[in-house]
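Summary of structural features
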Number of protein chains: 4
Amino acid sequence: MGKNRLEAFSDGVIAIIITIMVLELKVPHGSGLQALAPLLPVFLSYILSFVYVGIYWNNHHHMLHAAGKVSGAVLWANLLLLFWLSLFPFATGWMGENHFAPWPTAFYGLVLLMAALAYWVLQRTIITAGSITLGHAIGRDWKGKLSPLLYVLGIALAPWSPALAQVVYVAVALTWLVPDRRIEKALAGAAD
Amino acid sequence: MGKNRLEAFSDGVIAIIITIMVLELKVPHGSGLQALAPLLPVFLSYILSFVYVGIYWNNHHHMLHAAGKVSGAVLWANLLLLFWLSLFPFATGWMGENHFAPWPTAFYGLVLLMAALAYWVLQRTIITAGSITLGHAIGRDWKGKLSPLLYVLGIALAPWSPALAQVVYVAVALTWLVPDRRIEKALAGAAD
Amino acid sequence: MGKNRLEAFSDGVIAIIITIMVLELKVPHGSGLQALAPLLPVFLSYILSFVYVGIYWNNHHHMLHAAGKVSGAVLWANLLLLFWLSLFPFATGWMGENHFAPWPTAFYGLVLLMAALAYWVLQRTIITAGSITLGHAIGRDWKGKLSPLLYVLGIALAPWSPALAQVVYVAVALTWLVPDRRIEKALAGAAD
Amino acid sequence: MGKNRLEAFSDGVIAIIITIMVLELKVPHGSGLQALAPLLPVFLSYILSFVYVGIYWNNHHHMLHAAGKVSGAVLWANLLLLFWLSLFPFATGWMGENHFAPWPTAFYGLVLLMAALAYWVLQRTIITAGSITLGHAIGRDWKGKLSPLLYVLGIALAPWSPALAQVVYVAVALTWLVPDRRIEKALAGAAD
């Protein structure tokens, strides 16, 4: 399987996920400004998820760039990641429509957690398939290891204080907003 | 018609199918955990269909890789396969929302069967169009010939025991989870 | 503008159109076989539209293959075609849900007609932009000229006999099922 | 990050946006011609938005063509633009279903404004990342600077006369219908 086709397919799926999330923003029936008010939580959830999916798209690209061979295991690990990403629209909609209620907030964190674990599995699978570059690039991978722990923290906080859980989710997103320079650096080093 | 464009178009359609299936997971109105409970069958159906579409994407890629010329017949056989795959979201939703009731389960098997037959037609069409590589690669093609028979068995079981039918569908999926190594092998052999 | 990007974008839009049409096949609430019965007309409409969009995708590819420069006019003529194709899901759904009633059938014909005219405009624009190959290839273009007339006939028949209108729509689709060999031939000739 | 993948991903998202907008054209329940009448405003909104998204796709392509390196900042500026474009289906649906009422019309203008500002930010980011070609190409960029002002005018007019606001939105679209010849010229000049 060519890396290109895996990349193109993943791009396609991620592009669709990031776009159909907006369908959860249901057109309101009234024509006054106040008709928009109940949509605000859905809109905020949408922004957060848009940023998360954008982060995944970006890091996914860097990771595949450093990948070598695409084995069957890599392919299925990639589909596992896409599976969890595909639940973002649902989790976003449920959290937004319930105004960040405890359980939907915890569930959102669970989807974040599963996507992070699937990303980690994909990373290990690519390294196992022989990408020394990626192995070097991620180094100790503290962001990759810390994020799932923080999501667990967010999930645990959600039933007591959904607001605190949101703070955790937003904070993790912020640490990832910067593209993974480690891989870029390692690739540049390899090119020297 | 270039093979690349056929591949890109098929990838696009498959990426959309695999993603819009998740729209059948309707956001529930309640905010408690129990609001998720009725969605469990839909979620399980979604997982099964996600795996099936992933299998088709994967094998489709390997098959096209071994294809030679893309004739008009290949193109329409490919569209026939995409047509049946496009019914996965519907069949998945109907089966999930009715908690694996007999008829929806049988119907799901029918869609699996038709997709398998369309895949087989596409395979024959590509071989007829002149791909000796693919002809060698698939060999006796026992998996390709056995699967439709098992789907028929599943359909026949569904009215009596939908659970048994599900076992059949899951079992067939498991036999396909491994990408088609025969084609990979034949291609590698051709490259020697 | 590179031809490749125009092709990729059109492929994307057409892939989405052909796939979201299936969303008009709403999952029924009952779990018996009889729950599927009212969906039959929607399903038949879906098949017809799937074939039509497949035809457009196929011929569009052949046409662009013979295109030379992609001018701004070509680009907007292409968007005009995509616009009318994007109304297929709506027209299909309306016709199917109303069991091929007169007005929805006429409206479906109107969308077919507008798409055919947009296709013709795109063809002229590409030839004007300097593609001699395409000009030679289409020759007298009797299929391209006859189809709109037949759609007009179908629209006129629809209020009196929607069934006859359907016969016309299906018949035109059949004449187009074969990819446009004229262009293939002219290209092969140009390659000699 | 390769420019190609950024382009392909953006194309995918834009193709989906332009296509799912049509889902706001809900299939009416009646089968008479009069069932279509209430959809006319939605249809007109759809046309306007289709043209706008087409314009963005077109200009986006020209802009990326003149881009040099794709830095992390370019990537996120691009995602910001896609974010605002992704709100077109919502804004279009709200405006259309409320028959161009004042607030939905103002909101539509706001989305137009934010997309225009995001486009401008992306442009500046690409120039900052080192594209001298793009810097030369856009020159004084009067269209890019005037459009946001006109959108502000439209938003301000909407509460008093939504019709006038529409005139403004349509007029701005018309000035952009022509692809950005400045960049084409500058690129041609650079090729000399």
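Use the structure listed above.
Counting restarts for each chain, with residues numbered from 1 along the sequence as it is written. Each chain is given a letter, starting from A, and each ligand a number, starting from 1, according to the order in which they appear as written. Only residues with pLDDT of at least 70 get local features here, since the model is predicted, and only at 80 or more are side-chain atom pairs given and counted; chain-wide, interface and lining totals rely on the full set of residues.

Once that is clear, we can look at the relation of the copies chain C and chain B. We place the copies in one frame by least squares, fitting the C-alpha atoms of every residue whose pLDDT is at least 70 in both. Turning chain C through 90 degrees and shifting it by 0.0 Å along the axis lays it on chain B, with an RMSD of 0.0 Å. Both copies are brought into coincidence by an operation consistent with a four-fold rotation axis.

One can describe the packing of helix α1 (residues 3-20) of chain A onto helix α1 (residues 3-20) of chain B by two numbers: an axis separation of 9 Å at closest approach and a directional angle of 40 degrees. Put simply, α1(A) runs oblique to α1(B). As for the relative orientation of α1(A) and α1(B), their crossing is right-handed in sense. Along the contact surface, α1(A) presents Arg5(A), Ala8(A), Phe9(A), Gly12(A), Val13(A), Ile16(A), Ile17(A) and Ile20(A), while α1(B) presents Glu7(B), Ala8(B), Asp11(B), Gly12(B), Ala15(B), Ile16(B), Ile18(B) and Thr19(B). Under the scheme applied here, ten amino acids are nonpolar (Ala, Val, Leu, Ile, Met, Phe, Trp, Tyr, Cys and Pro), four are charged (Asp, Glu, Lys and Arg), and all others, including Gly, are polar. Within the contact of α1(A) with α1(B), the residues separate by chemical class into 10 nonpolar, 3 polar and 3 charged. To get an axis, a line is fitted to the C-alpha atoms, and for a helix only the part in contact is used. The angle between two axes follows their N-to-C directions and goes from 0 to 180 degrees. Think of it this way: any DSSP run of H or I at least four residues long counts as a helix, any run of E at least two long counts as a strand, and we number them from the N terminus. For this classification, under 35 degrees means roughly parallel, over 145 means roughly antiparallel, 65 to 115 means roughly perpendicular, and everything else is oblique. When the near helix sits turned anticlockwise from the far one by under a right angle, the crossing is termed left-handed; a clockwise turn instead gives a right-handed crossing. Residues are defined as contacting one another if the C-beta atoms placed from their backbone atoms lie within 7 Å.

This next bit is on the environment of Tyr56(B). Residue and element names in this part refer to chain B. Looking at the element boundaries, Tyr-56 is found in helix α2 (residues 40-65). Placed 31 residues apart in sequence, Tyr-56 and Leu-25 show a C-alpha to C-alpha distance of 22 Å. Not counting residues up to four positions away in its chain, the partners in contact with Tyr-56 are Ile-14, Leu-85 and Ala-115.

Attention now goes to the interface of chain A and chain B. Interfaces are often sized by the amount of accessible area the parts lose when they come together. Between chain A and chain B, the residue contacts involve 25 residues of the former and 23 residues of the latter. Looking at the side of chain A that touches chain B, the elements that each hand over two or more residues are α1, α3 (72-86), α4 (88-97) and α5 (102-128) of chain A. Per-element tally for the side of chain A that touches chain B: the top contributor is α1(A), with 8 residues. Broken down by class, the residue content of the side of chain A that touches chain B amounts to 17 nonpolar, 5 polar and 3 charged.

We now examine the interface of chain C and chain B. Counting residues at the interface gives 23 residues for chain C, matched by 25 residues for chain B. Listing elements by their share of the side of chain C that touches chain B, those giving two or more residues are α1 (3-20) and α2 (40-65) of chain C. The element contributing the most residues to the side of chain C that touches chain B is α1(C), with 8 residues. Class assignment of the residues belonging to the side of chain C that touches chain B gives a composition of 14 nonpolar, 7 polar and 2 charged.

A few words now on the arrangement of the chains. Over all C-alpha pairs, chain A and chain C never come within contact, reaching a minimum spacing of 9 Å. Left apart from each other, chain B and chain D have a closest C-alpha approach of 9 Å.

Between the two copies of this chain, the relationship is a rotation about some axis together with a displacement along it. The two copies are related by a screw motion: chain A maps onto chain B through a turn of 90 degrees and a shift of 0.0 Å along the axis, at an RMSD of 0.0 Å. When you check the interface residues of chain A against chain B, a mere 12% turn up at the interface there too, and the two sides of the contact use different surfaces.

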